[in-house]
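# Understanding the architecture of this molecule
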Amino acid sequence: MKLEKIDILDFNENVFKIIGKDYALLAAGDLKHHNAMTIGWGGLGFLWRKNVSMVFVKPTRYTYDFTEASDTYSINFFTPEDKEIISVFGSKSGRDCDKDAICNMEPIMLDGAIAYANARLVIVCKKIYHHDFDEALVPEDVKNMYYKDQKFHRVYYGEVISIYQAK
Ligand SMILES: Cc1cc2nc3c(=O)[nH]c(=O)nc-3n(C[C@H](O)[C@H](O)[C@H](O)COP(=O)(O)O)c2cc1C
């Protein structure tokens, strides 16, 4: 299987399922210095006449250092057989170990973004905007569940540059 670029308008998957149920890896950086982590929150949509993605990154994640420093990021999706990848990238930090080596990952550059050749689907994005959740506007139950550490997610908006599918 090899990743091949598809027309963005031919993308035809259930976003609620592939992000909210299957999860994905958010990757940023370059071939030499990059990091990736599992994400279960995110979105795809349309803004400022652009196809966009939204990803939500806590500043405590090592990946945050890379989303901050990079102009691009990629969202990488895997098959159910690869659930170990989702588990390792969501439970270990790149600060402490080499997650790529643990999972035999194949990092590649796609249109200027770090991505994974062993993904089944890759969405390549160029950062266009970000903002931080405003504590005053976050509902109390959400605060109790996700923000006892007082570290609120930064939301990145990225223009979708390209989409690749394994064929
Ligand atoms: C299913 C799942 C979904 C997750 N979704 C997110 C997310 O959307 N945003 C986020 O900041 N962290 C999320 N995390 C937590 C990070 O993946 C986790 O803290 C990871 O170890 C960070 O790795 P890093 O320090 O190498 O960046 C999720 C974890 C799991 C298991």
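Residues numbered from 1 in each chain as written. Predicted model: local features only at pLDDT ≥ 70, side-chain atom pairs only at ≥ 80, totals over all residues. Heavy atoms only, no water.

This next bit is on the layout of surface pockets. Space inside the largest pocket adds up to approximately 350 Å³. Met-37, Thr-38, Arg-61, Phe-89 and Gly-90 are, among the 22 residues lining the largest pocket, the residues nearest its centre. When contributions to the lining of the largest pocket are tallied by element, the ones reaching two or more residues are strand 3 (34–39), helix 2 (62–69) and helix 3 (83–91). Broken down by element, the residue count for the lining of the largest pocket peaks at four residues, all from strand 3. The class makeup of the residues in the lining of the largest pocket is seven nonpolar, 10 polar and five charged. (1 Å grid on protein atoms, 1.4 Å probe; cavity = no way out; pocket = protein on both sides within 12 Å on 5 of 7 lines; lining within 4 Å. Points joined across faces, edges and corners; volume = space filled by probe spheres on them. Helix = DSSP H or I, 4+ residues; strand = E, 2+ residues; numbered from the N terminus. Nonpolar A, V, L, I, M, F, W, Y, C, P; charged D, E, K, R; others polar.)

One broad rule of soluble globular proteins: the nonpolar side chains tend to lie buried together. Ranked by size, the top nonpolar core spans 22 residues in total, and within it Tyr-73, Ile-75 and Phe-77 carry the most contacts. Contacts of Phe-77, omitting those with residues within four sequence positions, involve Ile-18, Ile-19, Tyr-23, Ala-24, Ala-119, Arg-120, Leu-121 and Ile-123. (Core = buried A, V, L, I, M, F, W, Y, C linked by side-chain atoms within 4.5 Å. Buried < 20%, exposed > 50% of the residue type's maximum accessible area, 1.4 Å probe, protein only. Contact = heavy atoms within 4.5 Å.)

Bringing the site of the ligand into the picture now. The full set close to the ligand counts 21 residues, and Phe-56, Thr-63, Ser-93, Gly-94 and Lys-99 are the nearest of them. A distance of 2.7 Å separates a nitrogen atom of the ligand from a polar backbone atom of Phe-56. For the ligand, an oxygen atom lies 2.8 Å from a polar atom in the side chain of Lys-99. Against a free-state accessible area of 650 Å², the protein chains account for coverage of 81% of the ligand. Mapping the ligand onto the cavity grids shows that it belongs to the largest pocket. Listed by contribution, the elements that provide at least two residues to the shell around the ligand are strand 3, strand 5 (50–57), helix 2 and helix 3. By residue number, the principal contributor to the shell around the ligand is strand 3, which donates four residues. Split by residue class, the shell around the ligand holds eight nonpolar, nine polar and four charged. (Near = heavy atom within 4 Å. Polar contact = N/O pair within 3.5 Å; in protein donor to acceptor, adjacent residues only side chain to side chain. Areas by Shrake-Rupley, 256 points an atom, 1.4 Å probe, with all protein chains shown as cover. Sits in = over half its atoms within 2 Å of the grid points.)

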